[in-house]
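Listed here are the chains, written in short residue letters.
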Amino acid sequence: MAEIEVLIGSLDDLSEQYDILLDIMQQKKAAIIANNYDDLVQVLSRESKLVKGIQSREEQIQSSAHQFLQSKGIKSRLELTITDILRLVFDPEEKQKLASSQQRINGQLEKLKRTNELNQELIGQSLQFIEFSLNLMSGGFDEESTYAPPQSQEKKTSSRSSFDIRT
């Protein structure tokens, strides 16, 4: 098997891993929205294992890329991009396969980025809601949050913290 075919195969494998990661991230979003802590922990565990697998797959791609470069007589250990490697492929069919893999992976990375940003925003909103709920339960919003005419307002300092723990 030619070195470029090994590289394309490695990219296709990475693309499959990205599809699985995108699915896991969608499950994570559903768990966050449903406020289901147990499902979220399971999804995070699966996501962590998959990310480790993706990292090893990316190392394999680097190795395949270096083998391809060596087969072309290039001894450099530079970190070349797929676009750079495309310039060194002269077979139109192989070039098309490599370009197709690159486009598919770029699209997947964009989806992963958007989904990750959405999940981060959802988690941030959940944390804000939890803090708000804790403040309501601890009475942190008693009189400071209601309107009173300026002449009857006194300077009050709240002795309560976000977490009012009594033993």
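Residues numbered from 1 in each chain as written. Predicted model: local features only at pLDDT ≥ 70, side-chain atom pairs only at ≥ 80, totals over all residues. Heavy atoms only, no water.

### Concerning the overall build of the protein chain
- Across its full length, the protein chain carries 4 helices and 0 strands.
- For the protein chain, the α and β elements follow one another from N to C terminus as α-α-α-α.
- The buried share among the 167 residues of the protein chain stands at 26%.
- Contacts in the protein chain between residues far apart in sequence, at least 24 positions, make up 62% of those at least 6 positions apart.
- Accessible area for the protein chain stands at about 11,900 Å²; split by element, carbon and sulfur atoms hold 53% of it. (Helix = DSSP H or I, 4+ residues; strand = E, 2+ residues; numbered from the N terminus. Buried < 20%, exposed > 50% of the residue type's maximum accessible area, 1.4 Å probe, protein only. Contact = heavy atoms within 4.5 Å. Areas by Shrake-Rupley, 256 points an atom, 1.4 Å probe, with all protein chains shown as cover.)

### Concerning unusual backbone geometry
- Positive phi values are uncommon outside glycine, yet Asn 35 reaches one of about 60°.
- Locating Asn 35 in the fold gives a position in the loop between helix 1 (3–34) and helix 2 (37–71).

### Let's talk about the pattern of salt bridges
- Throughout the structure, instances matching the rule amount to 5 salt bridges.
- Close ionic contact of Glu 47 with Lys 28 constitutes a salt bridge, the shortest N to O distance being 3.1 Å. Of this pair, Glu 47 sits in helix 2 while Lys 28 sits in helix 1, and the two are 19 residues apart along the sequence. This pair shows no difference in class: Glu 47 is buried, exactly as Lys 28 is. (Salt bridge = Lys/Arg side-chain N within 4 Å of Asp/Glu carboxyl O.)

### Thoughts on the confidence of the model for the protein chain
- For the protein chain, the mean per-residue pLDDT works out to 85, and 83% of the residues sit at or above 70.
- Per-residue pLDDT, averaged within each element of the protein chain, yields its smallest value for helix 3 (residues 82–86) (90) and its largest for helix 1 (94). (pLDDT = per-residue confidence, 0-100.)

### Side note on the nonpolar core
- Core analysis: the largest hydrophobic core is formed by 24 residues, its most contacted members being Ile 4, Leu 7, Leu 11, Ile 85 and Leu 98.
- Residue assignment for this core shows that the elements contributing at least two residues are helix 1, helix 2, helix 3 and helix 4 (92–138).
- If you tally residues by element for this core, the top one is helix 1, at 10 residues.
- Contacts of Leu 11, omitting those with residues within four sequence positions, involve Ile 61, Ile 82, Leu 98, Ser 101 and Ile 105. (Core = buried A, V, L, I, M, F, W, Y, C linked by side-chain atoms within 4.5 Å.)

### A look at the side chain of Gln 108
- One can find Gln 108 in helix 4.
- Judged by relative accessible area, Gln 108 falls into the buried class, the value being 7%.
- Within polar-contact distance, the side chain of Gln 108 engages the side chain of Asp 19 at 2.6 Å.
- In contact with Gln 108, not counting residues within four places along its chain, are Ser 15, Tyr 18 and Asp 19. (Polar contact = N/O pair within 3.5 Å; in protein donor to acceptor, adjacent residues only side chain to side chain.)

### Here's the deal with a nonpolar patch on the surface
- A grouping of Ile 123, Leu 127, Phe 129, Ile 130, Phe 132 and Leu 136 is seen on the molecular surface, where their side chains present a nonpolar patch of about 600 Å² in accessible area.
- Looking at where Phe 132 falls in the secondary structure, it is placed in helix 4.
- Taking relative accessible area as the criterion, Phe 132 reaches 41% and is therefore assigned partly exposed. (Patch = residues over 30% accessible without salt bridge, like charges linked within 9 Å, V, L, I, M, F, W, Y side chains within 5 Å.)

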